[in-house]
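# Close look at the chain arrangement
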Amino acid sequence: MAKNLAGDILTVGGKALTSRLFLGTGKFANNRLIPEVVSASGSQVITVAVRRIDPEYKEENIVDYIPDTCIVMPNTSGARNAEEAVRIARLARAAGCGNWIKIEVISDNRYLLPDNIETIKATEILAAEGFVVLPYMSPDLMAAKRLAAAGAAAVMPLGAPIGTNRGLKTKEMVKILIEEVSLPVIVDAGIGRPSEAAEAMEMGAAAVLVNTAVATAYNPVAMAAAFGLAVAAGRKAYLAGPGAVQGYAAASSPLTGFLHE
Amino acid sequence: MSVYDELLKYRDLDFAAVFEQVTDDDIQRVISKDRLTVFDYLTLLSPKAERQLEAMAQQAHRLTVQQFGHTILLYTPLYLANYCVNQCVYCGFHAHNAIERKKLTLDQVRAEAAAIAATGLKHILILTGESRHHSSVGYIKDCVRILKDYFTSISIEIYPLSTDEYSELAAAGVDGMTIYQETYHEANYAELHPAGPKRDYRYRLDAPERACQAAMRAVNIGALLGLSDWRQEAFLTGVHADYLQRNYLDVEISMSPPRMRPHVGGFPPRVIVSDKNLVQYVLAFRLFMPRGGITLSTRESAALRNNMLKLGITKMSAGSCTAVGGHSEEAAVGQFEISDERSVAEMAAMLYARNYQPVYKDWQLW
Ligand code: SF4
């Protein structure tokens, strides 16, 4: 059945979002590009590594380039275990970055795959402290359920390893999370092209987070706009309820037609 | 098992014979592979691969942008003391060199820190000569306590420590360690280090692993280019880096390819490593370890550093001074002469002009 197209709002941590594209900021050639990229994409949630936030150095402080209309979602990039993630999250809150936190716990420097177990631990602690916790994770159903139980506001499974632009390699697993987990499922990492973002949205993902694909594009601003459109298109298609996929052309002489004679 | 055993596997390797067998097709195949073996890495270090440097450069650039974006981390060294009990024949701080010896007082450390912090940098690398008497672990900890008021990332480049000592410094706020093996060639190593505790090849060789075990966040290794055959040094540095990354997945492993520079001792390099050689090394390493950090220091000229920006480098020093107290006072004699004298602001301007972002702060836990 087609879902309601009007008033399609994503609510995370009590905030109502009309854009379902989240943007990362780590790889741009110049922070000055960020406002333009954000505006071209229509994105309302921008993630920033706490490790890069420097309130003392105005000219280079990445947060100062994020438009006021956006939600800053600091991330714990660089954390190798729950304890470090918790410390980094608290630093972010102390620096005035609000109470959203994207947990990234990575103890594998070769592929940058998230550590679900440490991520669950950090989520429990930070959710209890009042943070809106959005954990980056490997798409594993049981881990996602535990994150939900721990108080996460959404789950953010990877589509492919960070920075690879390889697309939705984990599609089957992400689909299961979408079906089985009550929280918004935000595909984070790996999405390289707008078509892949659209595909994730068509599948029913609540949102998509993109960084490398935009930051390393030849024209980041144009690519950000393309992602904005693709995410909106994919969402619309999901809400419209795509027709069933037919393996064969509908037969003009049905095999069971005689039953009606 | 230590990296020593890993290196032993290659002790009798006939590099010349391996290089002889490499074909252009081998090199092309390796360049387009997803994951390289150590022998693939060696293929890229072969003299024949010099003919395919451009293809390697394209791939290295692509991988680096994908992994690190258009960014370069800036940091600067801070020399705390130049007392040294060793006699490394290639170094200006050599125990017998008649230079003025100095060690910063804690007030001087604060003055240096303030001067550096005013440039915007948040990453600092503190250095000492090897003297447990003058630059004890306790003294370094005292300095770190002060530096934490100014910097969010503090790395050490000091004499090798025990695992417990590394843990102690990590707990005090040190998150990175750098140590150069100088040369992986054990016989050359013995000759170049005639006296002092540094003669102990294995204790130094195992230091990066001890730092990994002590949960240092970042470990940087390298060979001093000019002491032995560079292709072998580059290969063994890669083997060492790969060993550490495989065994300590959570540590950020980096490599530096420092070339010998003039210094007061006047020891000439034994092996000349050309710009082309240096470029080949950096490119091969990037293809071998796409996530590995690569540091290019101010030992290299401004022109070369500008040109190597797009070839895989992830970190550069800026506003460097190799003399104790050189950031806030009249400089004394440095460990070696630097080549790129640009200030932090000048480096930043150069990076922006080339469409790169200087990163002043890339870590904070405290
Ligand atoms: S290289 Fe280090 S250990 Fe050797 S003489 Fe110089 S300062 Fe001392």
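Thresholds, definitions, all that
Residues numbered from 1 in each chain as written. Chains lettered and ligands numbered in written order. Predicted model: local features only at pLDDT ≥ 70, side-chain atom pairs only at ≥ 80, totals over all residues. Heavy atoms only, no water. Helix = DSSP H or I, 4+ residues; strand = E, 2+ residues; numbered from the N terminus. Rg over C-alpha atoms; globule rule 2.2 N^0.38 Å. Buried < 20%, exposed > 50% of the residue type's maximum accessible area, 1.4 Å probe, protein only. Contact = heavy atoms within 4.5 Å. UniProt positions renumbered as here; feature names shortened; annotations may be inferred. 1 Å grid on protein atoms, 1.4 Å probe; cavity = no way out; pocket = protein on both sides within 12 Å on 5 of 7 lines; lining within 4 Å. pLDDT = per-residue confidence, 0-100. Points joined across faces, edges and corners; volume = space filled by probe spheres on them.

## Here we look at the overall build of chain B
Each helix and strand in chain B was counted, giving 15 helices and nine strands. Relative to its length of 366 residues, chain B is compact, with a C-alpha radius of gyration of 19 Å against a globular reference of 21 Å. Once the C-alpha set of chain B is aligned to its principal axes, its extents read approximately 60 × 45 × 35 Å. Split into buried and exposed, the 366 residues of chain B put 64% on the buried side. Long-range pairs, those at least 24 residues apart, make up 76% of the contacts in chain B with a sequence separation of at least 6.

## What to know about the UniProt feature "binding site: 1-deoxy-D-xylulose 5-phosphate" (unreviewed entry) in chain A
The UniProt entry lists G163, A189, G190, N211 and T212 of chain A under the feature "binding site: 1-deoxy-D-xylulose 5-phosphate" (unreviewed entry), expressed in the numbering used here. A maximum C-alpha distance of 9.1 Å places the annotated residues, which cover 50 residues in sequence, within one compact spot. Of the annotated positions named here, the largest pocket is lined by G163 of chain A. In this fold, G163 of chain A is placed in the loop between β8 (156-157) and α5 (171-180). Residue G163 of chain A is classed as buried on the basis of its relative accessible area of 5%. Setting aside chain neighbours within four positions, we find G163 of chain A in contact with K27 and T212 of chain A together with Q66 of chain B. Mapped onto the elements, N211 of chain A comes out in the loop between β10 (207-210) and α7 (212-215). The residues touching N211 of chain A, leaving out its near neighbours within four places in the chain, are G24, T25, G26, K27 and F28 of chain A.

## Quick notes on the confidence of the model for chain B
Residues and elements named next belong to chain B. The pLDDT averaged across chain B works out to 92; a share of 97% of its residues lies at or above 70. Highest mean pLDDT in chain B belongs to helix α11 (residues 207-213) (98); lowest belongs to helix α9 (residues 186-192) (92). Per the prediction output, this complex has pTM 0.91; the corresponding ipTM is 0.84.

## Some points on the layout of surface pockets
Size it by volume and the largest pocket reaches roughly 620 Å³. Lining the largest pocket are 27 residues, and of these R166 of chain A together with D34, Q66, Q67 and P290 of chain B lie nearest its centre. Mapped onto the lining of the largest pocket, the elements with two or more residues apiece are α5 (53-68) and α13 (275-288) of chain B. Counting residues per element, the lining of the largest pocket draws most heavily on α5 of chain B, which supplies five residues.

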